[in-house]
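# Coordinates in review
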Amino acid sequence: MSIFRNRAATAAIVAVAAGALTLTACGGGGSDSPAKDNSKKKEDAKSQSKPVQIGDVKASTGPAAEIPGAQPGGTMAVYQEDDFSHLDPGQIYVSDGKLLSRLIYRGLTQYSEDDQGNLTVVGDLATDAGKVSDGGKTWTYTLKDDLKDENGNPINSADIRHTIERLYATFITDGPTYLQQWLSGAGTTYRKAYEGPFKGKHLPNDVLETPDDKTVVFHFKDAQPDLPQMLTMPGYSVVPEETDTKEKYDSDPVATGPYKIAEFKPGKSMKLVKNTEWDAKSDSVRHQYVDGFDISMNHDDEDQTKTLLADQGEAKNAMMFTGQVATTQLQKVVSNKEAMKRTIQGYAPYVWQLNFNMDRVKDKKLRDAITLAMPSTSVFKADGGAYGGEVANSLTSPTTPGYSEDFDPFNRSKKPNGDIEAAKKLIKEGGFEGKSLVYAYANTPVRQQQAVLITDALEKIGLDIQKKEIDSATWYEQVGKVKNSYDLYMTGWGQDWPSASTVVPPLYDGTQIQDGASNYSHINDDHVNSEIQRILKITDTAEATTAWTELSEYIAKEVNPAAPIYYTKVFQIFGSNVGGIRYSSDSSYVDVTRVFLKK
């Protein structure tokens, strides 16, 4: 799946399981009295999980259906905690980058979503979701007419070919690798098959073919029924060949969506304005209601929540991207009837887990002790309370097909805030008393609070924990380095589409270990590696789901590369003049494609 970047950290992105939700008020307006917990539960996550539909040419034809009450004009203010770690589409694999991508980039396919959270894959730059042949091994896409980038340059099949081929370049390290691996080899072997287009060579036509300006053909060795869903990821958005500046593209990209970047001050602000070359008739999913977005950074959750709750001045026209109602402000929001009318919530697909750097934390007994000690309840409550998360019993989310609440190897159901005594016993048995470990965490209020909770628990069981604070804007880049100097670090991950095939291989396949890859624990287990390759070839969905479930349970019990801590929920608040707000089961946050200002 993708990396989760909510408030401080990062993660993925494409949730295909949490539906749009209607909220009711929770108590009297303005009162600070305790409010009933109306947050989403695991049952909601399960009920929200729905199959993705495949759209035809009609569903892919713009313009997008009008949003009731929408009107054009005005500038939307956006509050962000951090800068965007990447602007190059090929490098984007985090949630805030996902939301920005929906405004400024387009790919071959995209999700269309209805008010019930049902998702349909439609053609974006392509005329439909793709035509499949050769038993699922060949996919053909035809581009729509008159597509242009922000400079007015036509977008043709050569641009799509270039977009795919540049993903093999050595400077592309942080984006998804599904397509490269499906075309050119599992794990990291795809990099040996091809070096990228900048040396004048193309992928062979029996892999990637562009017979004319409008046609793109993918040839795979194995059937790839999930290609339409995979291509919706921002990592596969088009990068026009003529304006590709390679490494420099990360700071000055070219837009193809309804908005373009007019001004960018790294670490401070970004201004989006209308892309006049975008044609609504070619786009069935996006709107261009507001004149632009003024994105300001360095607003943590508490700052965002207080400002939006007060609803004064600019804040009336302001929204969150990946921010969340702060724990400290939760009671004020849920007990205020009027404030609750401008909130959304949903059960997101992410699992926060404590990764063990298995190059450094090699003893499973030590990993098990640390897992048993995790104060999951306290940790998730620091991240939005009951509206921000729920204790995790496994490494897969309740939104992922095959999830089982009964699988609970570390007794989270009875000891949700950790089993210190059981952990102490393993520490003593292993002779780990006083062992020094480095715990790395992002420098944001939520992660700082969680670091204190986790450190205290681990010190109670006899470990010596050295805390290391890291800039949250580069968090995943730092812990994604194979030769990092940390023993323990939290990451969040969720499915890229509704299949554990987008969770288990990215996180636990030892053949994928490289800088920027998402195997953050560096697990490299022969049985796990071989099972992943076996299961990936299973074409029956039910059979594959069962196999993924069995493998994920083996990983948790027999290897334990990461301690599950909590599942995530999303709870966001917006200014009173912001219209069109809806939870998106695609992004797991607000649906940015439909927002407008009411007046």
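In the block above lies the structure referred to throughout.
Residues numbered from 1 in each chain as written. Predicted model: local features only at pLDDT ≥ 70, side-chain atom pairs only at ≥ 80, totals over all residues. Heavy atoms only, no water.

## Structural notes on the nonpolar core
Formed by 62 residues in total, the largest nonpolar core has its most connected members in L179, F218, L227, M230 and L231. It is helix α17 (residues 541-559) that provides the largest number of residues to this core, a total of 7 residues. Every residue in contact with L227, bar those within four places of it in the chain, is listed here: W139, Y141, L179, W182, F218 and F220. V361, A369, F410 and I465 belong to the second-largest nonpolar core, a separate cluster that totals 42 residues. (Core = buried A, V, L, I, M, F, W, Y, C linked by side-chain atoms within 4.5 Å. Buried < 20%, exposed > 50% of the residue type's maximum accessible area, 1.4 Å probe, protein only. Helix = DSSP H or I, 4+ residues; strand = E, 2+ residues; numbered from the N terminus. Contact = heavy atoms within 4.5 Å.)

## Some words on the sheet that holds strand β18 (residues 562-573)
Working definition: the strands of a sheet are paired by backbone hydrogen bonds and lie parallel or antiparallel to each other. Strands sit in the order β14-β18-β13-β17-β15-β16 across an open sheet of 6 strands; the sheet is mixed. Of all the strands in the sheet, just β14 (389-391) and β16 (464-470) have a single pairing partner and so form its edges. This sheet shows a mean twist of 30 degrees between the axes of neighbouring strands, independent of strand direction. With 6 bridges connecting them, strand β13 (residues 343-356) and strand β17 (residues 488-493) associate as antiparallel partners. Of the residues in β17, the one forming a bridge with L354 is M490. (Pairing = 2+ DSSP bridges. Axes fitted to C-alpha atoms, helices over the stretch in contact; angles between N-to-C directions.)

## Concerning the pattern of salt bridges
This model, assessed by the stated rule, comprises 28 salt bridges. For D283, the salt bridge is made with R286, and the minimal N-O distance between the two is 2.9 Å. Looking at D283, the relative accessible area reads 0%, which means it is buried. Bridged by salt links that share partners, the residues R106, D124, D283 and R286 form one connected network. (Salt bridge = Lys/Arg side-chain N within 4 Å of Asp/Glu carboxyl O.)

## A word on helix α16 (residues 526-536)
Buried within α16 we find V528, N529, E531, I532 and I535. Considered in projection along α16, the buried side chains sweep an arc of 165 degrees and stay on one side of the axis. Considering only its buried residues, α16 is in contact with α15 (504-508) and α17. Capping of α16 at its N-terminal end is provided by D525; its side-chain oxygen lies 3.0 Å from the backbone amide nitrogen of H527. (Arc of directions from axis to C-beta. Polar contact = N/O pair within 3.5 Å; in protein donor to acceptor, adjacent residues only side chain to side chain.)

## Here we look at empty space enclosed by the protein
Here the idea is plain: a probe the size of a water molecule rolls over the atoms and shows the empty space left. Inspection of every chain in the model, using the stated rule, returns 11 cavities of 30 Å³ or more. By volume, the largest cavity is sized at about 110 Å³. For the largest cavity, the lining is made up of 15 residues, of which S394, T396, T549, S552 and E553 are closest to its centre. Its residues assigned to classes, the lining of the largest cavity shows 7 nonpolar, 7 polar and 1 charged. (1 Å grid on protein atoms, 1.4 Å probe; cavity = no way out; pocket = protein on both sides within 12 Å on 5 of 7 lines; lining within 4 Å. Points joined across faces, edges and corners; volume = space filled by probe spheres on them. Nonpolar A, V, L, I, M, F, W, Y, C, P; charged D, E, K, R; others polar.)

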